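Read off the chains here:
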Amino acid sequence: MNLTLRQLRAFAAVAETGSFTAAASSLHLTQSALSVLVRELEREMGVLLFDRHTRRVQLSEAGREFQPSVQRLLADLAGAVAGVTDLRDKKKGVLRLAAPQLMACTLMPRVIAAYRERHPDVDVRLADTLPEHLLSGVLSGEVELAVGQDVAVDSAIERRTLFRDRHWLICPPDHPFARRRKVRWHELEPYTFIAPTRDFRQRVLPELDAQARGFMMRPTTQEVSYMTTALGMVASGLGLTVCPTYSASLVRAHGLQMVRLDQPDFHREVCIYGASKRSLSPAAASFVELLEGFVRKPGLGG
């Protein structure tokens, strides 16, 4: 049996109006075209669905039995189409994101707030995670996008660079460095250095000169897992640390000072990650577009 949507809509319109003329008008068809659709449907099903009289059309017994199923089918189809259209137009849906803890408490809330202003019915859910676990949610399908600093990926993950971000020296406001325009890495040697992540030293060492590499590998250098821990330690006078530009709001909240680090400048790429074999949902695609525009604006660190 090969029923078509046009045939079912023609049947439903005639059943509702009790008239081929009125049904044809509601469907923007000629009466003859509508009659053809109904006859084709009846021929396909092998029964008459209407009793035709000179002045009126009534459902046959088979038509009365068939009508509720057709109404449900057309209603379900209309609902499904409306749901997909809402997703396309970002009127509803759920968007799941992952970001490292530092980015999750600084940059991402601002971007999510801007996104919700544009698409208030999209439910954006942010998972904060350790950097080494950033991609696990993408691989498992628990999140659609991950945003964070550059990490190695394989063919299952698609990576695109969002921006390059400078790292700054963080010190208390009464520290001698706080009044400087810039500080060189080797000048940090007399002070306790607090590495803000477990892999920070491995990443920065190749870019430092021999003197700076030496003090960075001292036993007195401390490593922590979270930037908030490093900032708390600096605020208590326990050492100095570094952080990216986008964390400026958190640095200010701790009452600390950001000073440019020089010779060398140390940058890291911030990237967007997604599953390479899955296309982005309309909500995710629009979020990426907004995020890319957001980071191009001046005052990223604000």
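Only a predicted model underlies this, so the values are computations on that prediction, with no experimental measurement involved.

Caption draft 1: Region of interest: the overall build of the protein. Counting its regular elements, the protein contains 12 helices and 12 strands. For the protein, whose C-alpha radius of gyration is 32 Å, the value lies well above the compact-globule estimate of 19 Å for 302 residues. Across its three principal directions, the C-alpha atoms of the protein cover 105 × 35 × 25 Å. Long-range contacts, defined here as pairs at least 24 residues apart, represent 72% of the contacts in the protein between residues at least 6 apart. A distance of 4 Å separates the average location of the 39 positive side-chain charges in the protein from that of its 33 negative side-chain charges.

Caption draft 2: Geometry of the packing of aromatic side chains. Under the criterion given, the structure shown has five aromatic pairs. A centroid spacing of 5.2 Å and a plane angle of 45 degrees characterise the contact between F11 and F66, whose relative ring orientation is tilted. Of this pair, F11 sits in helix 1 (residues 5–17) while F66 sits in helix 4 (residues 61–88), and the two are 55 residues apart along the sequence. Take F11: its relative accessible area is 0%, and that puts it in the buried class. With 5.3 Å between their ring centres and 65 degrees between their planes, F177 and Y191 make a pair best called edge-to-face. With F177 in the loop between strand 6 (157–171) and strand 7 (182–184) and Y191 in the loop between strand 7 and strand 8 (194–195), this pair connects stretches of sequence that are 14 residues apart. F177 sits in the buried class, given a relative accessible area of 5%.

Caption draft 3: Focus on the packing of helix 6 (residues 107–118) against helix 12 (residues 282–296). Between helix 6 and helix 12, the least distance of the axes is 10 Å, while the angle of their chain directions is 120 degrees. Looking at the two axes, helix 6 sits oblique to helix 12. Where helix 6 crosses over helix 12, the two elements pack in a sense that is right-handed. Across the interface between the two elements, L107, M108, R110, V111, I112, A114, Y115 and R118 from helix 6 touch A283, S286, F287, L290, L291, F294 and V295 from helix 12. Broken down by class, the residue content of the contact of helix 6 with helix 12 amounts to 12 nonpolar, one polar and two charged.

Caption draft 4: View of the pairing of strand 5 (residues 145–149). Of all five residues making up strand 5, five are buried, and the element is well covered by its neighbours. Examined bridge by bridge, strand 3 (residues 93–100) and strand 5 share two bridges and lie parallel to one another. Within the sheet, the bridge partner assigned to A98 lies in strand 5 and is A146. One ladder, built from four bridges, connects strand 5 with strand 12 (residues 267–275); its direction is antiparallel. From the neighbouring strand, G148 faces strand 12, where its bridge partner is C271.

Caption draft 5: Expanded view of the confidence of the model for the protein. When pLDDT is averaged along the protein, the result is 85, and 93% of the positions lie at 70 or above. By mean pLDDT, the top-scoring element of the protein is helix 6 (93), and the lowest-scoring one is helix 9 (residues 210–216) (74).

Caption draft 6: Focus on the layout of surface pockets. Its volume calculated, the largest pocket comes out at about 420 Å³. Together, 25 residues line the largest pocket, and P100, P131, Q149, T197 and D199 are the ones closest to its centre. Broken down by secondary-structure element, the contributors of at least two residues to the lining of the largest pocket are helix 5 (101–104), strand 5 and helix 8 (200–204). Looking at which element gives the most residues to the lining of the largest pocket, the answer is helix 5, with three residues. Within the lining of the largest pocket, the residues separate by chemical class into 13 nonpolar, six polar and six charged.

Caption draft 7: Structural context of the pattern of salt bridges. If you walk through the whole model with that rule in mind, you get nine salt bridges. Taking the shortest distance from any N to any O, the salt bridge between D150 and R268 comes out at 3.4 Å. One end of the pair, D150, is in the loop between strand 5 and strand 6; the other, R268, is in strand 12, and 118 residues separate them in sequence. In this structure, D150 and R268 share a single accessibility class: buried. When the shortest N-O distance is used, the salt bridge between K182 and D262 registers 3.3 Å. Placement of the pair is K182 in strand 7 and D262 in strand 11 (residues 257–262), with a sequence separation of 80 residues. You can call D262 buried: its relative accessible area is 12%. Linked by salt bridges that have partners in common, R116, D123 and R125 make up one network.

Conventions and cut-offs
- Residues numbered from 1 in each chain as written.
- Predicted model: local features only at pLDDT ≥ 70, side-chain atom pairs only at ≥ 80, totals over all residues.
- Heavy atoms only, no water.
- Helix = DSSP H or I, 4+ residues; strand = E, 2+ residues; numbered from the N terminus.
- Rg over C-alpha atoms; globule rule 2.2 N^0.38 Å.
- Contact = heavy atoms within 4.5 Å.
- Lys, Arg positive; Asp, Glu negative; His and termini not counted.
- Charge placed at Lys NZ, Arg CZ, Asp CG, Glu CD.
- Phe/Tyr/Trp six-rings, centres within 6.5 Å; stacked < 30°, edge-to-face > 60°.
- Buried < 20%, exposed > 50% of the residue type's maximum accessible area, 1.4 Å probe, protein only.
- Axes fitted to C-alpha atoms, helices over the stretch in contact; angles between N-to-C directions.
- Parallel < 35°, antiparallel > 145°, perpendicular 65-115°, else oblique.
- Left-handed = near helix turned anticlockwise from the far one by under 90°.
- Nonpolar A, V, L, I, M, F, W, Y, C, P; charged D, E, K, R; others polar.
- Pairing = 2+ DSSP bridges.
- pLDDT = per-residue confidence, 0-100.
- 1 Å grid on protein atoms, 1.4 Å probe; cavity = no way out; pocket = protein on both sides within 12 Å on 5 of 7 lines; lining within 4 Å.
- Points joined across faces, edges and corners; volume = space filled by probe spheres on them.
- Salt bridge = Lys/Arg side-chain N within 4 Å of Asp/Glu carboxyl O.

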